[in-house]
Structure formats: structure tokens, C-alpha cells
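Overview (structure and organization)
In case you want the letters, here they are:
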2 protein chains.
Amino acid sequence: MLKQKLDAVLISSIPNIIYLTDFSGFGTKDRDAFLLITNTHQYLFTHAIYRDAAMKFIKKFELIGMNRENPTGESIKKLIINHSIKKLGFEDANLSVWEFERLFKKVNKKILLPTGVVSQLRTIKNTDEIDAIKNACALGDKAYSHIQKSLRIGMSEKDVAFELEYFIRKNGGEISFTTIVAFGENAAYIHHEKGNRRLKSDEFVLLDFGVKLNNYCSDMSRTFFFGKARADDRKSYQSVLKSQQNAIDYIEEKLSKKEKIQGEMADKISRDYLVSQGFPNLPYSLGHGIGLEVHEAPRLTPAYKQILENGMVFSIEPGIYLTGKFGIRIEDLFAIENNKLIPLTHSPKDLIEIK
Amino acid sequence: MLKQKLDAVLISSIPNIIYLTDFSGFGTKDRDAFLLITNTHQYLFTHAIYRDAAMKFIKKFELIGMNRENPTGESIKKLIINHSIKKLGFEDANLSVWEFERLFKKVNKKILLPTGVVSQLRTIKNTDEIDAIKNACALGDKAYSHIQKSLRIGMSEKDVAFELEYFIRKNGGEISFTTIVAFGENAAYIHHEKGNRRLKSDEFVLLDFGVKLNNYCSDMSRTFFFGKARADDRKSYQSVLKSQQNAIDYIEEKLSKKEKIQGEMADKISRDYLVSQGFPNLPYSLGHGIGLEVHEAPRLTPAYKQILENGMVFSIEPGIYLTGKFGIRIEDLFAIENNKLIPLTHSPKDLIEIK
């Protein structure tokens, strides 16, 4: 708020509301809550159905009802007047054009400034947050170990996803995003979630899944071979692994020298290596921040200039996708703590052949 | 498009893209695809990672790559020039303010008109769509029957949700929204999803859950008594049931007379009855449309003027929520077909006491 010289911010993003209130009960489908924060006051706008829960769990915010008699736009207008707000930040990445027009119908648009201040705060995690992500990763590692033992010829991709998610939930976690399980040539479609394709021998199995535990997310990918890998399968796999290791080495070296690291540079190292080995250019970003959301800042992607700093948590996930043949991805999460790159995912990465 | 006299529309909502392309592979977290539809041409913008899938599954659209060298905003601008587009519709309920500014940076804002044309088309379902929702409801009914047999004292709300979802997925469905399981006084918090609270005897159990099958959603709520209900518990339950029946009777009567029904009127009938019985005013809307999304148009809610028509599918779901005591909700889906209100949910609604 200080940097942008804002008098107040209107927070609409649910992950940002969870971050500021520690309350994760608001629905994500409809617009159930807003926060308005000034230098002296904190307001929570919500529907009557959340009133009891809000009064119990969100004590540091003054409650303002959202209903037909008291529309949020009117309440915002009153607060702008009462607090003499000259510059009000709003979350332009979160509010739809329709919501913006409706909420600020009676407000002079000139006082409204787009802001991502809370999302930006969230990029630097404290140790409690990093611990929460570590715990989510640890359950992901256990689930990965479990699923390897459960694989049988003839299981469908859906069966494998189900077994994986069953294990996660039985152990107290939730799923942080739609689980991807892809066998053989299906893995070449990055979009492929899972289907009725059944496991055969001698093919790659690609898993990309995440755990949500105490609101914080994990995300990991592993690719292993069901059967006996051929020499070229091994080469492809090793190239992905080396591409990831090159990015890790680069970041570690920069950290040890206390030099600045831009997300785009780590991405370039990994990407260039794959191309140098004759594989297609990485068809997506090398990595993304993670926390209350699966995808958040920072990014490891071309033209991303933000510096990777202590407290950031992100993925490093190169891959090779060859249409009609296979897909390979290896993805781990890392935190930067005390100028060190700390791996949060601990599942082995040498090419595993399951027979 | 005709009504608004648009020359073209840019479609960004993923459910709307599924509706128009029959392809459900695009992710929902990032912005992976747009459609631009003119009177003569259909374009699909997507990332390279979706190219193969798009070419295989979305044949009626011309493919335009989305990448740094060819940003979507530039492609849109070229098409506006090539097709002499004077009025371009955009989905204001779906595009964020940030996306709007970025996509249309180089476009004269005066040619841009907010539209909900595809969302509006989706409110009228064809028989294939209604059948898909019926199938999702039928699996919901089976899951509800299954869970009643599985309840035991000492199970947690999470255990019950897990067992319910396990059954749905084992039978080929997905979950259409976060399952709600609430025991006793927890059910009075409408937001309550589920927790570690364990089932005791003599309390209400509230379930609100949905199935997704072939992209189409179901949504149902049932409340039953675990143990022996007291007289006032019965009275509360019967009042919710009667409140729902009154709305059903009202809609059926209007349909039989071929009179117009506004969503707000059905809501009022149900709401007024609860208040007349001494219960709190319904703290949410009586009903919502459902289809590719769990919540879509039409709405049964105050001040909603749109007419309920043949081909619409929606919920009717009154409830009573008494803080510190209990919550009761009964929710069924209905379709209007041939001027008749057809129930799609078939689980029994008399107060069940499980011993």
C-alpha cells in the first residue's frame, strides 16, 4: 500500500482473503466476501449466511452485511467518503469487468488504481507457510511411493488417479488440482488428464498431482517406465533430469555468490539444454510459485524479470513431449531459505523401471 | 449475436468453450484458450501445448497460436481489421479487468460491447443435455442410498464425505463441487464444508453434494435424522419440505395454465411460507440453474425477472438454519420439458430416521 501510496485496498481474491483472515470458509464459486482495508480500519463485507462464522473466526474485521438492502457498491461508496479515500486499490487480476462496473458504479473511476499488493506479499513465505508446503509435499511423496506399489497391467489411468487420491485423502489431505495420469502416447498431450486407457507393459507413466493440506498446496510430477526402457527412452529421460539439474545448479551458484536471479534466466538454462540435445523447445514455463494457490508468483518463464528471493517457493519442471510417442516431466518444489535452495519434494528421480 | 447486432464475439469462459467445441481439455487455472466467432469464421486461440489436441478434437475452428511472438491481443486486432468488425462482444462476467486491458490494449474500446450471449444460450438445454444431467442425478441418488447404509456412530464428517465421493468415482463420476457434510449444530453454518466432528446419536445430518458426468453437473441436498427425531425436529423438517412443495405446486400450476413464471415468484412462495411458520427468512436464493456449471442462469431469487422456460434445469432448495442448533436443506433438480416440471432427483424426501 505504501509503495503505491494507496489510502485503502479492496481485496476480492479468495486466496488473498484466506491469507489476511486465516478463514478459509468462503465459497469460491460466487462472490461471498470482500475486505476493505484502510490505514486505520479493516472491514469484511459478506452475506448473512457467513455472519456467524465470520464473527467467530474473523475477529479483527468490522462486519458489513452484503444484501439487496445494503449493496456492496453503496457500502464502498460510504467508506470512501467517511475515510476520505483518494486512492483506492482494487485487484484488477481478480475482479471481472462486470463486477468492476457494478461495484464502482457510483464511484469516481479516477480514484481507482489496479493493485496486486496482497498477491505480491504472498510471494515471500514465512517459515510457517514453508512448513505447511513441506507437509503437503511429504504427503505427496508418500502417495507417489504408494502408487508405484499399486500399479498393475490393465489398470486404467482413471484407476491410478483414483488410488492416488484415495491415499492422499485417507491420510488427511485434499487434492490441490486435477490429477494427471497419462500412459504411453497419451502423455504427449499435456492437457490430457486421464481416461480409460489401460496400462500396458513397456511404456512411460506420467503423474502430475498435488496435495492441499491446511490450505497450502504441493505439486509434483514423476515419470517412470513400466517395463524395460529402451536406450532412447533412457536418453530422453536423462535429458529432462539434466535439464532440471542445470537450472538447480544455476540457482544454487547464484545464491552462493549472492547474485540476483531472474526467473527468466533459470528458465533459459533448462530450455536451452533440451534444445541442445535435439528435443523440442519446452512448450510451457519452467516453473511457477505455489502456496495458497497452485499457480502464483513468481514464475520461471521467459521475460520474467522479478528476482527470486528468500521466502519464495516454486517448481522446477522441465519436460519433453513428443506427439504420438510419449511425454516426460520431472517436477519438484523448492524454497529459497537463508540464500539456499531447499528441495521440498524428496521422491527419487533416477529412472525407475517397474516390472 | 443477432439481438445485440454484434459482428463477432470473443469467448473466454471455459464452460462456454466446452459448450461450443465439445472439447473439455483446456485447463481452468490459466487462460489456455479463446474463441473468436464472426458470421463467417470460427477461430480458436490456444497455446502450442494444446495444438495437437485441438487439431484432433476441434476441427471446425481455425487454429491461431498464442505465444510471445504472436500475442492474442495482436491476433484479435488483425482479425478486427480483416473482418471489418465494428462491434465485438466480450464476456464481461468472465474477463478480469487486467485481461481486458491487456487483450484490447490496441483496440478502440468503443467497438467493444459486453455480452453474455453464449451463457444465455446455455440456459435452454436440449434433450441430450437434460439426459446428461439426469444421468448425473441418478448417480447422486445411488450415492445417497449408499451413504445411508454406511453411516456409523463415531464416523467424522470427512469420513462420510470421503465414502460418498469414493462411491461416485468408483461408479465413473467426478465431484461437481466441494461436498458438504455437516452433523448437528455444524449444519447451521451454511459455509461449513466438513471437519473432524464425529457423528453422535440423535442429531441431524446434512449432505449437499454433486456429481459431474460427461461434463454435466448434478446437485442435491438431503437432511436426515440419525436416531429418533423429537417433535420440533419433525416440525422443522416438514416445514422445509412443505416450503419446497409449495414452490413446485406453484410452478406446475403456472405451467399447466401456460402462464409466465419469473424466478423471483417461485422464490417468494417458498420464502414466505418459512417465515409464516416462524422460521428465519431463507438466507440465500431458492434455486439456481445447472448444467456445465453448478451455478448458472436462471436463478430463483428475489428481483430475478427472467421467465422459466422449456429446456431450463434448476434446483429448488429451501432450508432452515438455526445457529447453535441445526441446519436443514432439501434440494432437488428439475427440468421444464413440454410445459411440465420434471423432477431429476429421485431420492425419497420423507424424514428418514437412521438407527
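Quick note: structure is the one above.
My aim in this report is to walk through the structure given alongside it, one point at a time.

Rules used in this analysis
- Residues numbered from 1 in each chain as written.
- Chains lettered and ligands numbered in written order.
- Predicted model: local features only at pLDDT ≥ 70, side-chain atom pairs only at ≥ 80, totals over all residues.
- Heavy atoms only, no water.
- Helix = DSSP H or I, 4+ residues; strand = E, 2+ residues; numbered from the N terminus.
- Contact = heavy atoms within 4.5 Å.
- Areas by Shrake-Rupley, 256 points an atom, 1.4 Å probe, with all protein chains shown as cover.
- Lys, Arg positive; Asp, Glu negative; His and termini not counted.
- Charge placed at Lys NZ, Arg CZ, Asp CG, Glu CD.
- Buried area = accessible area lost by both parts, 1.4 Å probe.
- Salt bridge = Lys/Arg side-chain N within 4 Å of Asp/Glu carboxyl O.
- Nonpolar A, V, L, I, M, F, W, Y, C, P; charged D, E, K, R; others polar.
- Phe/Tyr/Trp six-rings, centres within 6.5 Å; stacked < 30°, edge-to-face > 60°.
- Lys NZ or Arg CZ within 6 Å of the ring centre and 35° of its normal.
- Buried < 20%, exposed > 50% of the residue type's maximum accessible area, 1.4 Å probe, protein only.
- Least-squares fit on C-alpha atoms with pLDDT ≥ 70 in both.

Brief notes about the overall build of chain A
Of regular secondary structure, chain A possesses nine helices and 20 strands. Over its C-alpha atoms, taken along the principal directions, chain A stretches across nearly 70 × 45 × 35 Å. Here the analysis covers contacts within chain A between residues at least 6 apart in sequence; of these, 65% occur between residues at least 24 apart. In the structure as shown, chain A presents an accessible area of about 15500 Å², 51% of it carried by carbon and sulfur atoms. Each charge class in chain A was averaged separately, 51 positive and 45 negative side chains, and the resulting centres sit 3 Å apart.

Remarks on the interface of chain A and chain B
Taken together, the 40 residues of chain A in the interface contact 40 residues of chain B. Regarding the contact of chain A and chain B, the summed buried area is about 3300 Å², with carbon and sulfur atoms giving 61% of it. In this structure, the connection of chain A to chain B is made through two salt bridges. Note that R169 of chain A and E165 of chain B form a salt bridge whose closest N and O atoms lie 2.1 Å from each other. Of all the secondary-structure elements, those providing two or more residues to the side of chain A that touches chain B are helix 2 (51-57), helix 4 (97-103) and helix 7 (157-170) of chain A. Ranked by residues supplied to the side of chain A that touches chain B, first place goes to helix 7 of chain A with six residues. Looking at side-chain class alone, the side of chain A that touches chain B contains 19 nonpolar, eight polar and 13 charged residues.

Some words on the packing of aromatic side chains
In the structure shown here, the tally under the stated rule is 23 aromatic pairs over all chains. With a centroid separation of 5.4 Å and an interplanar angle of 55°, the aromatic rings of Y166 of chain A and Y166 of chain B are classed as tilted. Of this pair, Y166 of chain A sits in helix 7 while Y166 of chain B sits in helix 7 (residues 157-170), placing the two residues on different chains. Here the aromatic cluster, defined as three or more aromatic residues joined through ring pairs, consists of F23, F26, Y50 and F57 of chain A. A cation over an aromatic ring shows up here: R329 of chain A above the ring of Y284 of chain A, its NZ or CZ 4.0 Å from the ring centre.

Quick word on the side chain of N246 of chain A
All names here are of chain A. Residue placement: N246 occurs in helix 8 (residues 231-256). Look at N246 and you get buried, because its relative accessible area is 16%. Here N246 is in contact with I269 and Y273, once residues within four sequence places are set aside.

A look at unusual backbone geometry
When glycine is set aside, most residues are seen to have a negative phi, and most peptide bonds are trans. A cis geometry characterises the amide bond from A297 of chain A onward to P298 of chain A, with omega recorded as 0°. Structurally, the position occupied by P298 of chain A is in strand 14 (residues 296-300). Even without being glycine, K258 of chain A reaches a positive phi, approximately 55°. Positionally, K258 of chain A belongs in the loop between helix 8 and helix 9 (263-276). For K258 of chain A, a relative accessible area of 66% puts it in the exposed group. Phi is positive for D202 of chain B, which is not a glycine, with a value near 60°. Locating D202 of chain B in the fold gives a position in the loop between strand 8 (180-183) and strand 9 (203-209). Under the relative-accessibility criterion, D202 of chain B is labelled partly exposed at 39%.

Details of the relation of the copies chain A and chain B
Superposing chain A onto chain B takes a rotation of 180° plus a shift of 0.0 Å along the axis, which leaves an RMSD of 0.0 Å. Both copies of the chain, as the preceding transformation shows, are related through a two-fold rotation axis. In terms of proximity to the rotation axis, the leading residue of chain A is S96 of chain A, whose C-alpha is 1.9 Å off the axis. A shared binding surface is used by both copies, with 100% of the interface residues of chain A retained as interface residues in chain B.

Some words on the pattern of salt bridges
In the structure shown here, the tally under the stated rule is 52 salt bridges over all chains. Between K349 of chain B and D332 of chain B there is a salt bridge, with the nearest N and O atoms lying 3.2 Å from each other. Of this pair, K349 of chain B sits in the loop between strand 19 (340-343) and strand 20 (353-354) while D332 of chain B sits in strand 18 (residues 332-337), and the two are 17 residues apart along the sequence. Take K349 of chain B: its relative accessible area is 22%, and that puts it in the partly exposed class. Taken together, the shared-partner salt bridges connect R122, K125, E293 and E296 of chain A into one network.

A short note on helix 1 (residues 14-21) of chain B
Residues and elements named next belong to chain B. Among the eight residues in helix 1, six count as buried, and that is most of the element. When we look at burial in helix 1, the residues that qualify are I14, P15, N16, I17, I18 and T21. Here the buried face of helix 1 lies against strand 1 (8-11), strand 2 (33-38), helix 2 (51-57) and helix 5 (117-122). Positive backbone phi, at 65°, marks D22, one or two positions downstream of helix 1.

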